[in-house]
Amino acid sequence: DGGITQSPKYLFRKEGQNVTLSCEQNLNHDAMYWYRQDPGQGLRLIYYSQIVNDFQKGDIAEGYSVSREKKESFPLTVTSAQKNPTAFYLCASSIEKGAPNYGYTFGSGTRLTVV
Amino acid sequence: KNQVEQSPQSLIILEGKNCTLQCNYTVSPFSNLRWYKQDTGRGPVSLTIMTFSENTKSNGRYTATLDADTKQSSLHITASQLSDSASYICVVSEISGTYKYIFGTGTRLKVLA
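Presented here is an overview of the structure given in this document. Given the structure is predicted, the values throughout are model-derived calculations rather than measurements.

This brings us to the overall build of chain B. The helix and strand tally for chain B stands at zero helices and eleven strands. Listing each helix as α and each strand as β along chain B from the N terminus yields β-β-β-β-β-β-β-β-β-β-β. For chain B, buried positions account for 45% of its 113 residues. Pairs at least 24 residues apart make up 55% of the contacts formed inside chain B by residues separated by at least 6 positions. As presented, chain B carries roughly 5400 Å² of accessible surface, and 49% of it is formed by carbon and sulfur atoms.

This is how it looks when you write it as structure tokens:
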């Protein structure tokens, strides 16, 4: 089945540590996105990528980094510079150009907790 | 500033009852509006997608309506079931070259037996 897979489901980070969240899709989608979800707030865009080897900052990119070396993969690194990383992180993908009404597919999320 | 506002923030209904969730937006230029269902601890799942020319779209017991003139949308759930307990998120797409998505904060629905 085609889909988008995030791992791990739960992740614990110590103070000052970098952690990487995985996101893989086999939908042949061009665009991939990372969002952060906090209680009582709408999803906020961290980074997005429309093509391989290219990505753009979203609204809250500080303290995060990404790479897009393969079309299928868009890992997110939460660095020690992110002072409040505890949140639910969602990865999504879509066919970007030319098909704006195409479904926007989300992964099942990773819950990151600072310990 | 482009915004999407949803109401109510939370809602509790009895199983079998109907309910309607609201979404008001100020996004312009507007491309399309989507409703998603998000179970706790899971990613959102698409329910409906509507362009500005569509007034209504159904998906089983879920019916979404759109009034592009007043910039309002609603999601009506008929004969609610316990499995409908979730957050419902309204997402409006902006035509800006990158099809930027503006997310509402969601309505948390709880269906009681």
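All names here are of chain B. With respect to topology, five strands assemble into an open sheet ordered β1-β3-β8-β7-β6, the strand pairing being antiparallel. Each of the sheet's edge strands pairs with one partner strand only, and the pair in question is β1 (4-7) and β6 (56-59). Taking each pair of neighbouring strands and ignoring which way they run, the sheet shows an average axis angle of 15°. By the bridge criterion, four bridges tie β1 to strand β3 (residues 19-25) in an arrangement that is antiparallel. If you follow Q6 over to β3, its bridge partner there is C23.

This part covers the packing of aromatic side chains. Counted according to the given criterion, the structure contains eleven aromatic pairs over all chains. Taking 6.2 Å as the distance between ring centres and 75° as the angle between the ring planes, the aromatic pair formed by F106(A) and F103(B) counts as edge-to-face. With F106(A) in strand β10 (residues 105-106) and F103(B) in strand β10 (residues 100-103), this residue pair bridges two chains. Assigned by exposure class, F106(A) and F103(B) land together as buried. Here Y25(B) and F30(B) contribute two aromatic rings whose centre-to-centre distance is 5.1 Å and whose plane-to-plane angle is 20°, an arrangement assigned as stacked.

Residues and elements named next belong to chain A. Structurally, the position occupied by E69 is in the loop between β7 (64-66) and β8 (76-78). For the pair E69 and D54, spaced 15 residues apart in the sequence, the C-alpha separation amounts to 8.7 Å. Ignoring sequence-local partners within four residues, the contact set of E69 consists of V52 and N53.

All right, on to the sheet that holds β8(A) then. Residues and elements named next belong to chain A. Taken in spatial order, the four strands line up as β1-β3-β8-β7 in an open sheet, and their pairing is antiparallel. Whereas interior strands pair on both sides, the edge strands pair on one side only; in this sheet they are β1 (4-7) and β7. Neighbour-to-neighbour, the strand axes of the sheet open up by a mean angle of 20°, direction not taken into account. By the bridge criterion, three bridges tie strand β3 (residues 19-25) to β8 in an arrangement that is antiparallel. Counted as the bridge partner of L21 is L76 from β8.

Reading the values: rules and limits
Residues numbered from 1 in each chain as written. Chains lettered and ligands numbered in written order. Predicted model: local features only at pLDDT ≥ 70, side-chain atom pairs only at ≥ 80, totals over all residues. Heavy atoms only, no water. Helix = DSSP H or I, 4+ residues; strand = E, 2+ residues; numbered from the N terminus. Buried < 20%, exposed > 50% of the residue type's maximum accessible area, 1.4 Å probe, protein only. Contact = heavy atoms within 4.5 Å. Areas by Shrake-Rupley, 256 points an atom, 1.4 Å probe, with all protein chains shown as cover. Pairing = 2+ DSSP bridges. Axes fitted to C-alpha atoms, helices over the stretch in contact; angles between N-to-C directions. Phe/Tyr/Trp six-rings, centres within 6.5 Å; stacked < 30°, edge-to-face > 60°.

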